[in-house]
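Chains, contacts and geometry: an overview
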Amino acid sequence: PSHRSAKKMSDDFATPEYPTIPMSTRMFYLGNALLVTVVPLQLYTTLFGLSFEEFGSIFAVVTFGCALVVSLAYHNFQSSCNNKMLDSRSTSRTRKAVKSRLGDEGSKRKDALQEAQAAQEAITSWESTFLSLLLVNLAFLGGMFCMAFYILRS
């Protein structure tokens, strides 16, 4: 039997809707998620009087677990948002912009159209990434504060 690397196997599951996540993006998501999930620690130590000495290991495990879940939420939200935004931004707008700029010049127009579409996809990817960061962070922190003050109130 052939042995394939883990990267090759993960690429088998990549589709246009859910491409393989680059490692730099994964680390960016995880770093941001760690920053956001550390915020509730201040709440638990000051308001509820839980000490790091006594509950440090629990804090570490829960914070890292939450960071993993939040980083997955970033990616899932970014992928679906990116797809919706690309669908709504039809290439016809790009075609019209290129046609109005270059006219009917064949080869130049085709190259310019590809460049414009690539630029549009890159901009849309950045927009959807930062929208996902904003909304997932708001949802996480809002949920944590609601849990802390209303659900788990002592």
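Just above sits the structure.
Residues numbered from 1 in each chain as written. Predicted model: local features only at pLDDT ≥ 70, side-chain atom pairs only at ≥ 80, totals over all residues. Heavy atoms only, no water.

All right, on to the overall build of the protein then. When its secondary structure is counted, the protein shows five helices and zero strands. Within the span of the protein, comprising 154 residues, buried residues form 26% of the whole. A separation threshold of at least 6 residues defines the contact pool for the protein, and within that pool the share at least 24 residues apart is 72%. Total accessible area on the protein stands at roughly 10,600 Å², and carbon and sulfur atoms take up 65% of it. (Helix = DSSP H or I, 4+ residues; strand = E, 2+ residues; numbered from the N terminus. Buried < 20%, exposed > 50% of the residue type's maximum accessible area, 1.4 Å probe, protein only. Contact = heavy atoms within 4.5 Å. Areas by Shrake-Rupley, 256 points an atom, 1.4 Å probe, with all protein chains shown as cover.)

At 3.6 residues per turn, the α-helix brings residues three or four places apart onto the same side. Taking the largest bend as the criterion, helix H3 (residues 52-88) deviates by roughly 35°, centred on Ile58. For H3, the complete set of buried residues consists of Phe59, Thr63, Ala67, Val70, Ser71, Tyr74, His75, Gln78, Ser79, Cys81, Asn82 and Met85. (Bend = angle between axes of the 7 residues up to and from the residue.)

Once that is clear, we can look at helix H2 (residues 23-46). Taking 1.5 Å as the rise per residue, H2 with 24 residues should run 34 Å; its terminal C-alpha atoms sit 36 Å apart, in good agreement. Every buried residue of H2 is listed here: Tyr29, Leu30, Asn32, Ala33, Val36, Thr37, Pro40, Leu41, Leu43, Tyr44 and Thr45. (Expected span 1.5 Å × (residues − 1).)

To continue, consider the nonpolar core. Core analysis: the biggest nonpolar cluster contains 16 residues, and Ala33, Tyr44, Val70, Tyr74 and Phe140 have the highest contact counts within it. When residues of this core are traced back to their parent elements, those giving at least two are H2, H3 and helix H5 (106-151). A per-element tally of this core places H2 first, with seven residues. Those residues in contact with Val70, other than ones at most four positions away along the chain, are Ala33, Thr37, Val136 and Phe140. (Core = buried A, V, L, I, M, F, W, Y, C linked by side-chain atoms within 4.5 Å.)

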